[in-house]
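Below, each chain spelled out in residue letters.
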Amino acid sequence: MRVLIALGGNAMTGPDGSATVAAQQEAIGRAMEHVADLVAYGVDVVLTHGNGPQVGNLLVKNELAAPVVPPVPLDWCDAQTQATIGYMILNALDAALAARGVDRRAAILVTRTRVDADDPAFAEPTKPIGRHLPREEAELMIAHGQAWKDMGARGWRRVVASPEPREIVDAPAVARLVRDGFIVVAAGGGGIPVVRGRDGRLRGVEAVVDKDLSAALLARQVHADLLVIATDVEHVYVDHGTPRARPLGRVTAQELRKHVDQGQFPAGSMGPKVEAALRFVETGGRRAVITALDRIEQAVTGAGGEPVGTVVENRA
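## Describing the overall build of the protein
Stage number 1. When its secondary structure is counted, the protein shows nine helices and 17 strands.
Stage number 2. Computed over its C-alpha atoms, the radius of gyration of the protein comes to 20 Å, within 12% of the 20 Å expected for a compact globule of 316 residues.
Stage number 3. Along the three orthogonal principal directions, the C-alpha set of the protein runs to about 60 × 45 × 45 Å.
Stage number 4. Across the protein, every contact between residues at least 6 apart in sequence was considered, and the portion connecting residues at least 24 apart equals 73%.
Stage number 5. Of the side chains in the protein, 35 bear a positive and 38 a negative charge, and the two mean positions are spaced by 3 Å.

This is the structure:
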């Protein structure tokens, strides 16, 4: 079985959201214990991950150093965090596999995601990233070509486009590495957003690609049997936050799509995860699961006999 696992932010930072080096290493170490268990079970694994806090840290460095060193573009930040997080994952996963006596190696692939240059998201950037700044500090960054928005009492915050992912450019390399026996870490943070110019060349753009939507696309491109979106809750809930709240277990894509159309899943929380699961299944994927990180082994292997998490399939 080939499984793509999309690791959420809880797998990359401390319980309180801390992104210190120690907190990141500890969180990633815990996550890789679960991944190593799957590999030991005989599953071929491809990993993707978030990078929000890490990119946020780099943006702060950009802001503080802007009077002295020109800030680097956002696609560079994406590339740097892919490599840094991938490096930590490789070390943690190597150790977890060795502890289980499993002779498998992992590889990190700095990955590009193609988006359309005329995607409507570029016309009006709305995705907030980084920290809030006073107006005078934001104006310095605006002078460097960035878009910032007045967020009221909290100050100004940078906004970027979040275009639709169209192609994981380096998916063939991921597939080849998997065939050669590697556990592959790819498309971190949704991938480095690039557009193809009229001359056929790719160039980076100032954007953020949703990591879950990219994970669904990569899963289809590498012919994964199963997409697992690991988050901090065991199930997706409908009527969340009301007395009628209930968890979704096994659900058809058709039923889940109806819940989406009813506005059940906010764009800022569970919405992209649900949409990613649906896209994977609706485009031919066998099954998608959204569940807590510590339940992914059961979700993939079926240990215990009962379905784990919210399981999305085409059939009833």
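## Comments concerning the sheet that holds strand 2 (residues 44–49)
Stage number 1. Across the sheet, which stays open at both edges, the eight strands sit in the order 3-9-2-1-12-16-17-15 with mixed pairing between neighbours. Either end of the sheet is taken by a strand with one partner, and the two such strands are strand 3 (106–109) and strand 15 (250–252). Shown here is a sheet whose adjacent strand axes are inclined to one another by a mean of 20°, direction ignored.
Stage number 2. Relative to strand 17 (residues 310–313), strand 16 (residues 287–292) runs antiparallel, the two sharing three bridges. From the neighbouring strand, I290 faces strand 17, where its bridge partner is T310.
Stage number 3. The strands that helix 5 (residues 171–179) touches are strand 1 (2–7), strand 2, strand 3 and strand 9 (183–186); relative to strand 9, the one it contacts most, it runs at about 160°.
Stage number 4. Packing against the sheet, helix 6 (residues 211–221) makes contact with strand 1, strand 2, strand 9 and strand 12 (226–231), and its axis sits at approximately 170° to strand 1.

## Focus: the pairing of strand 9
Within a regular beta strand, the side chains point alternately toward one face of the sheet and then the other, so they alternate between its two faces.
Stage number 1. Burial along strand 9 is two-sided: I183 and V185 and V184 and A186, pointing in opposite directions, are all buried.
Stage number 2. Of the pairings in the sheet, the one linking strand 3 to strand 9 comprises four bridges and is parallel in character. Paired with A107 across the bridge in strand 9 is V184.

## Observations regarding unusual backbone geometry
Apart from glycine, the bulk of residues carry a negative phi angle, and the bulk of peptide bonds sit in the trans form.
Stage number 1. The backbone of H223 sits at a positive phi, close to 60°, despite the residue not being glycine.
Stage number 2. As for its placement among the helices and strands, H223 is situated in the loop between helix 6 and strand 12.
Stage number 3. What makes H223 exposed here is its relative accessible area of 59%.
Stage number 4. The residue D239 is not glycine, and still its phi comes out positive at about 55°.
Stage number 5. Relative to the helices and strands, D239 resides in the loop between strand 13 (236–238) and strand 14 (246–248).
Stage number 6. Assessed through its relative accessible area of 21%, D239 is described here as partly exposed.

## Some details on the pattern of salt bridges
Stage number 1. Inspection of every chain in the model, using the stated rule, returns 22 salt bridges.
Stage number 2. Close ionic contact of D44 with R104 constitutes a salt bridge, the shortest N to O distance being 3.5 Å. A residue pair is termed long-range when its members are at least 10 positions apart, and D44 in strand 2 and R104 in the loop between helix 3 (74–99) and strand 3 qualify at 60 residues.
Stage number 3. Measuring nitrogen to oxygen at the nearest pair gives 2.7 Å for the salt bridge that ties E234 to R295. Of the two residues, E234 sits in the loop between strand 12 and strand 13 while R295 sits in the loop between strand 16 and helix 9 (296–301), which places them 61 residues apart along the sequence.

## A look at helix 8 (residues 271–282)
Stage number 1. Here helix 8 spans 16 Å end to end across twelve residues, near enough to the 16 Å set by a 1.5 Å rise per residue.
Stage number 2. When we look at burial in helix 8, the residues that qualify are G271, P272, K273, V274, E275, A276, A277, L278, F280 and V281.

## Some words on the packing of helix 1 (residues 21–41) against helix 3
Stage number 1. Packing of helix 1 against helix 3 brings their axes to within 8 Å, and their N-to-C directions diverge by 50°. With respect to their mutual orientation, helix 1 and helix 3 come out oblique. The hand of the helix 1/helix 3 crossing is right-handed. Facing helix 1, whose interface residues are Q24, Q25, I28, G29, M32, E33, V35, A36 and V39, helix 3 presents I85, M88, I89, A92, L93, A96 and L97.
Stage number 2. Class assignment of the residues belonging to the contact of helix 1 with helix 3 gives a composition of twelve nonpolar, three polar and one charged.

## Things to note about the layout of surface pockets
Stage number 1. As a volume, the largest pocket reaches approximately 1,300 Å³.
Stage number 2. Along the wall of the largest pocket there are 44 residues; nearest its centre are K127, D210, K211, G268 and K273.
Stage number 3. Going through the elements one at a time, helix 2 (52–65), strand 5 (127–133), helix 6, strand 12 and helix 8 are the ones with two or more residues in the lining of the largest pocket.
Stage number 4. Here the lining of the largest pocket is composed, by residue class, of 17 nonpolar, 15 polar and twelve charged.
Stage number 5. Its boundaries defined by the atoms lining it, the second largest pocket holds a volume of some 250 Å³.
Stage number 6. Lining the second largest pocket we find 13 residues, and of these Q24, Q54, N57, K61 and T84 sit closest to its centre.
Stage number 7. Within the residue set of the lining of the second largest pocket, elements represented by two or more residues are helix 1, helix 2 and helix 3.
Stage number 8. The element contributing the most residues to the lining of the second largest pocket is helix 3, with five residues.
Stage number 9. Taken together, the residues of the lining of the second largest pocket break down into five nonpolar, seven polar and one charged.

What counts as what
- Starting from 1, residues in each chain are numbered consecutively following that chain's sequence as written.
- Two thresholds apply to this predicted model, a pLDDT of at least 70 for residue-level local features and 80 or more for giving and counting side-chain atom pairs, whereas whole-chain, interface and lining totals are computed over all residues.
- To obtain the side-chain values, all non-hydrogen atoms of the structure were used and water was disregarded.
- Under the DSSP-based scheme used, a helix requires at least four consecutive residues in state H or I and a strand at least two consecutive residues in state E, with every element numbered from the N terminus.
- The atom set for the radius of gyration is the C-alpha atoms, and the globule formula is 2.2 Å times the number of residues raised to the power 0.38.
- Only heavy atoms enter the contact rule, under which two residues are in contact if any of them lie within 4.5 Å.
- Positive charges come from Lys and Arg, negative ones from Asp and Glu, while His and the chain ends are left out of the count.
- Lysine's charge is taken at NZ, arginine's at CZ, aspartate's at CG and glutamate's at CD.
- Strands are labelled as partners when DSSP assigns at least two bridges between them.
- Note on geometry: axes are lines fitted to C-alpha atoms, helical ones only across the stretch in contact, with angles between N-to-C directions running from 0 to 180 degrees.
- Throughout this description, buried means an accessible area under 20% of the type-specific maximum (1.4 Å probe, protein chains only), exposed means over 50%, and partly exposed covers the range between.
- The term salt bridge refers to a side-chain nitrogen of Lys or Arg lying within 4 Å of a carboxyl oxygen of Asp or Glu.
- Multiply 1.5 Å by the residue count of a helix minus one, and that product is the helix's expected span.
- Roughly parallel means an angle under 35 degrees; roughly antiparallel, over 145; roughly perpendicular, 65 to 115; everything else is oblique.
- Each crossing gets its handedness from the near helix: less than a right angle anticlockwise from the far helix is left-handed, clockwise is right-handed.
- Nonpolar residues are Ala, Val, Leu, Ile, Met, Phe, Trp, Tyr, Cys and Pro. Charged residues are Asp, Glu, Lys and Arg, and all others, Gly as well, are polar.
- Grid points spaced at 1 Å over the protein atoms alone were grouped into cavities, where a 1.4 Å probe fits but cannot get out, and pockets, open sets with protein on both sides within 12 Å along at least five of seven lines, with lining residues defined by an atom within 4 Å of a point.
- Grid points are joined across faces, edges and corners, and a volume is the space filled by probe spheres set on the points.

Structural measurements only, silent on function.
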